[in-house]
Amino acid sequence: MSDGRTQPANAPKIAVRDVHKSFGPKVVLDGIDIDCGVGESLVIIGGSGTGKSVLIKCILGLLHPESGSIRIDGVETVGMRRAARTALMRKFGMLFQGAALFDSLRVWENVAFGLIQGRGMERAGAKRIALEKLASVGLGPEVGELRPAELSGGMQKRVALARAIAAEPEIIFFDEPTTGLDPIMADVINDLIIKCVREVGATAVSITHDMVSARKIGDRIAMLHKGKIVWQGPATEIDDSGNPFVEQFVNGRAEGPIQMEVRAI
Amino acid sequence: MTAFLARVGAAFLGFLAATGRLAGFALMGLAGIFSPPFYPRLILRQIVYMGYYSLPVVGLTAIFTGMVLALQSYTGFSRFNAESAVATVVVLSVTRELGPVIAGLMVAGRVGAAMAAEIGTMRVTDQIDALTTLSTDPYRYLVLPRLLAGLITLPLLVVVADILGVFGGYIVGTVKLGFNPANYLTQTETYLETMDVVSGLVKAGVFGFIVSLMGCYHGYQSRGGAEGVGQATTYAVVSASIMILLSNYLLTAAFFGK
Ligand SMILES: Nc1ncnc2c1ncn2[C@@H]1O[C@H](COP(=O)(O)OP(=O)(O)OP(=O)(O)O)[C@@H](O)[C@H]1O
Ligand SMILES: [Mg+2]
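Let us look at the structure shown here. (Residues numbered from 1 in each chain as written. Chains lettered and ligands numbered in written order. Predicted model: local features only at pLDDT ≥ 70, side-chain atom pairs only at ≥ 80, totals over all residues. Heavy atoms only, no water.)

For the magnesium ion (ligand 2), the full set of protein donor atoms is Ser 53 of chain A (OG) and Gln 97 of chain A (OE1), at a range of 2.0 to 2.2 Å. Of this pair, Ser 53 of chain A sits in helix 1 (residues 52-60) while Gln 97 of chain A sits in the loop between strand 6 (92-95) and helix 3 (107-118); the two residues are 44 residues apart in sequence, bridging distant segments of the chain. (Donors = N, O, S within 2.8 Å, 3.2 Å for Na, K, Ca; no water. Helix = DSSP H or I, 4+ residues; strand = E, 2+ residues; numbered from the N terminus.)

On to the interface of chain A and chain B, then. Of the residues lining the interface, 20 residues belong to chain A; the matching set on chain B comes to 17 residues. Contact between chain A and chain B buries roughly 1,700 Å² in total, counting both sides, with carbon and sulfur atoms accounting for 58%. Connecting chain A to chain B are 2 salt bridges. With a closest N to O distance of 3.5 Å, Lys 57 of chain A and Asp 126 of chain B form a salt bridge. Inspection of the region where chain A meets chain B yields 4 residue pairs in polar contact (both at pLDDT 80 or more). Looking at the side of chain A that touches chain B, the elements that each hand over two or more residues are helix 1, helix 2 (82-89), strand 6 and helix 3 of chain A. The element that contributes the greatest number of residues to the side of chain A that touches chain B is helix 3 of chain A, accounting for 4 residues. Residue composition of the side of chain A that touches chain B, by class: 11 nonpolar, 4 polar and 5 charged. (Contact = heavy atoms within 4.5 Å. Buried area = accessible area lost by both parts, 1.4 Å probe. Salt bridge = Lys/Arg side-chain N within 4 Å of Asp/Glu carboxyl O. Polar contact = N/O pair within 3.5 Å; in protein donor to acceptor, adjacent residues only side chain to side chain. Nonpolar A, V, L, I, M, F, W, Y, C, P; charged D, E, K, R; others polar.)

Residue and element names in this part refer to chain A. Applying the stated criterion across every chain yields a total of 25 salt bridges over all chains. Of the charged contacts in the structure, one is a salt bridge between Arg 71 and Glu 76, with a shortest N-O distance of 3.9 Å. Shared partners join several salt bridges into a network, and the residues in it are Arg 106, Glu 109, Arg 123, Lys 127 and Glu 145.

With that settled, the discussion passes to the sheet that holds strand 3 (residues 41-46) of chain A. Residue and element names in this part refer to chain A. Reading across from one edge, 6-7-8-3-9-10 is the order of the 6 strands in this open sheet, with mixed pairing throughout. Two strands close off the open sheet at either side, each with one partner strand: strand 6 and strand 10 (228-234). Averaged over all pairs of adjacent strands, the angle between strand axes in this sheet comes to 15°, irrespective of strand direction. Looking at chain direction, strand 3 and strand 8 (residues 203-207) are connected through 4 bridges and run parallel. The residue bridging Ile 44 from the neighbouring strand is Ile 207, located in strand 8. Running at roughly 175° to strand 6, helix 6 (residues 153-165) makes contact with strand 6 and strand 7 (171-175) of the sheet. Where helix 9 (residues 244-251) meets the sheet, it contacts strand 3, strand 9 (220-225) and strand 10, and its direction lies at approximately 100° from that of strand 9. (Pairing = 2+ DSSP bridges. Axes fitted to C-alpha atoms, helices over the stretch in contact; angles between N-to-C directions.)

Set out below in structure tokens:
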């Protein structure tokens, strides 16, 4: 955890206020307000295409919202200069939905990338850490020598996870960490995420469709629908939220307030 | 009429905006020259990739160009009994124009396309965003090494192209057209000035920069999966080729124009 924090301990690590983001005429985020406390694990759920990935890319500064405020450790990041942004990135780790491994580099070099390029660590030390992180996601040292293209989708996801946590960042974003994994490996990953939060003290924001995983890793759950947060609360209350959107989503029913735009064939 | 003017105006504004974006991109890429981190190994790798692997293509086209030049200028000049100018025409055309232009176009097709495809794929699979989240500036890591490699490598390739182009002319001149080898070489040297070669090398540097810039820019801007990457590749080659020919004229005018 960062030593140089100046604001009171109860200030949120991430504070998102009234964030709007559209692509052309398509409004994706329509006034998002959400907080995430220090050392908290926040899970974001919501239908496919509701803008969950867009929201965390806005928080990371990879996409720029049209309006609103995003504060990290109390510092406004919307409209931040590039140099300050690069410095801020050291606090972040991100697991991309599509893994986004560098296919010109070997697996261990991918995992060690942030340590070597981002932090200037020497290669031998970085490789040792990379192999440790690979082991923690259930991949042996022989996998470290392969290229990403030689791995299965689930293995790529785990490598991407190892890369996201390799530099032990303060804030980690997981975009669908368990999608594409078998139930047993999914639970191993859940435990790993919990370990990052509980033991290392990281703040975590995860996106998932997997309600088992959401209940297990989340301290708090927020639901995104039509560009707004329609419900948020402690993970323990997800089953009696009293919110029709959440109930429909959690129980996976086609009937309810959330209308899927499909036509019968 | 006003509708027509409006359309011309809109097209012109669009052109200005695109030029501005491109210039901004080039500046962002070059900004990293002045402060660390530098990536010398990446620059070296790009130089090897651009230069060494382009040697066969550039070499072959240069030889054949020199050969054709000798043949054509001979048939042309023999009508004025000016056959002795063949060697001079070959060496001036190759060093001033054909060496740099042909090397530039070949490298645009071979390297510019590959650059756009590689960076475009990295864009659409979020690898560029991943670089950013790993505290690595993609402009420094991806764009700058390629821009520098283009700037450095193409002049080196053009030195080779110049030599092989003259050699091609020499072969045709001596073997097929019956010139005396020693005379041909003397003819080659006599009218060649330093400026002819230097102007060609400066052009080469500019063309190399253009190839890398267009490859990186179109790759960086690509959107929408495999189709977007394919489009980026095409744009990179077409725009680099056009810009090479255009800037070639401007540079020639600047060097030799009255
Ligand atoms: N770069 C982009 N350009 C244009 N539209 C985009 C872009 N990125 C996302 N969108 C749009 O924004 C909407 C939200 O996308 P997003 O990826 O955030 O969905 P999601 O909630 O993560 O869905 P999923 O659960 O399927 O991953 C989608 O409708 C998508 O079409
Ligand atoms: Mg998503």
